[in-house]
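Structure at a glance
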Amino acid sequence: MGRTDRAGRLAEARRLSRMLVTLAERSRFDFVEAIESLGLPLHLARALLRLETPAAMSDLADRLDCNRSNVTAIADQLEQRGLVMRVPGADRRVKLLALTPDGKAERDRVETAVAEQSLVLRRLNDRERAVLAPMLERLLEPEERID
């Protein structure tokens, strides 16, 4: 690869990376703005969105990419608000967090607010989103290692 080819590829990589970072920052801003309009703390909204099915607190910690000790506090706050309840799992030693009917309704409100703020949904039509999704999925796949 020649020096000009390499410089062009580096410039392209910088340009694309800058756009992806800007888009991620904008998406996060839109998410925060949507959640703030609901009066729900961000950490609780994120947890509600990750609780599609009953989950152990360790699973929720993985989904939220946070420490398990943080999830205990999140679970307590959600439970105090009547949005989740602790239910026995298949292994009786493990308690699962399950959304209550109020929790499901609140999650629906969060999903709707986030979708209405979504730059992707506002700016891209169905066809464009269908093209974008597989590209993003490919970029987010773990890289295959060649040893």
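To be clear, the structure that these remarks concern was listed above.
The shown structure was predicted, so the numbers you read here are calculated from the model rather than taken from an experiment. (Residues numbered from 1 in each chain as written. Predicted model: local features only at pLDDT ≥ 70, side-chain atom pairs only at ≥ 80, totals over all residues. Heavy atoms only, no water.)

**A few points about the packing of helix 2 (residues 42-50) against helix 5 (residues 101-117)**
What counts, and what does not: Fitting a line to C-alpha atoms yields each axis, with helices limited to the stretch in contact; the angle taken between N-to-C directions then spans 0 to 180 degrees. Here a helix means four or more residues in a row that DSSP labels H or I, a strand means two or more in a row labelled E, and each is numbered from the N terminus. Angular relationships are summarised with four words: roughly parallel below 35 degrees, roughly antiparallel beyond 145, roughly perpendicular across 65 to 115, and oblique for the angles in between. Contact definition: two residues touch when any of their heavy atoms are within 4.5 Å. Side-chain classes are defined by residue name, with Ala, Val, Leu, Ile, Met, Phe, Trp, Tyr, Cys and Pro counting as nonpolar, Asp, Glu, Lys and Arg as charged, and the others, Gly among them, as polar.
In the contact formed by helix 2 and helix 5, the axes pass within 9 Å of each other and the chain directions differ by 105 degrees. One element, helix 2, and the other, helix 5, form an angle in the roughly perpendicular class. Facing Ala45, Leu48 and Leu49 of helix 2, the residues of helix 5 in contact are Gly103, Glu106, Arg107, Val110 and Glu111. Here the contact of helix 2 with helix 5 is composed, by residue class, of 4 nonpolar, 1 polar and 3 charged.

**Some details on helix 1 (residues 3-36)**
Just so we agree on the cut-off: Every helix has an expected span of 1.5 Å times one less than the residues it contains. Throughout this description, buried means an accessible area under 20% of the type-specific maximum (1.4 Å probe, protein chains only), exposed means over 50%, and partly exposed covers the range between.
Here helix 1 spans 49 Å end to end across 34 residues, near enough to the 50 Å set by a 1.5 Å rise per residue. For helix 1, the set of buried residues is Asp30, Phe31, Ala34 and Ile35. Taken together, the buried residues of helix 1 touch helix 2, helix 5 and helix 6 (119-123).

**Focus: the environment of Glu116**
Mapped onto the elements of the fold, Glu116 is located in helix 5. Overall, the relative accessible area of 57% leaves Glu116 in the exposed class. Between the alpha carbons of Glu116 and Ala55 there is a distance of 27 Å; along the sequence they are 61 residues apart.

**Considerations on the pattern of salt bridges**
Filter applied, for reference: Salt bridges are defined by distance alone: a side-chain nitrogen of Lys or Arg within 4 Å of a carboxyl oxygen of Asp or Glu.
Counted according to the given criterion, the structure contains 7 salt bridges. For Arg86, the salt bridge identified is with Asp76, shortest N-O distance 2.8 Å. Here Asp76 lies in helix 4 (residues 68-80) and Arg86 lies in strand 2 (residues 84-88), a separation of 10 residues in the sequence. For Arg86, a relative accessible area of 26% translates into the label partly exposed. Among the charged side chains, a salt-bridge network with shared partners connects Asp76, Glu79 and Arg86.

**With respect to the packing of helix 1 against helix 5**
Cut-off, in case you're wondering: Less than a right angle of anticlockwise turn of the near helix away from the far helix marks a crossing as left-handed, whereas a clockwise turn marks it as right-handed.
Running from amino to carboxyl end, helix 1 crosses helix 5 at an angle of 135 degrees, the nearest separation of the two axes being 9 Å. With respect to helix 5, the element helix 1 is oriented oblique. The interaxial crossing formed by helix 1 with helix 5 has right-handed handedness. For the pair formed by helix 1 and helix 5, the contact residues are Asp30, Phe31, Glu33, Ala34 and Ile35 on the first element and Val110, Ala113, Val114 and Gln117 on the second.

Bear in mind that shape data such as this cannot, by itself, settle questions of function.
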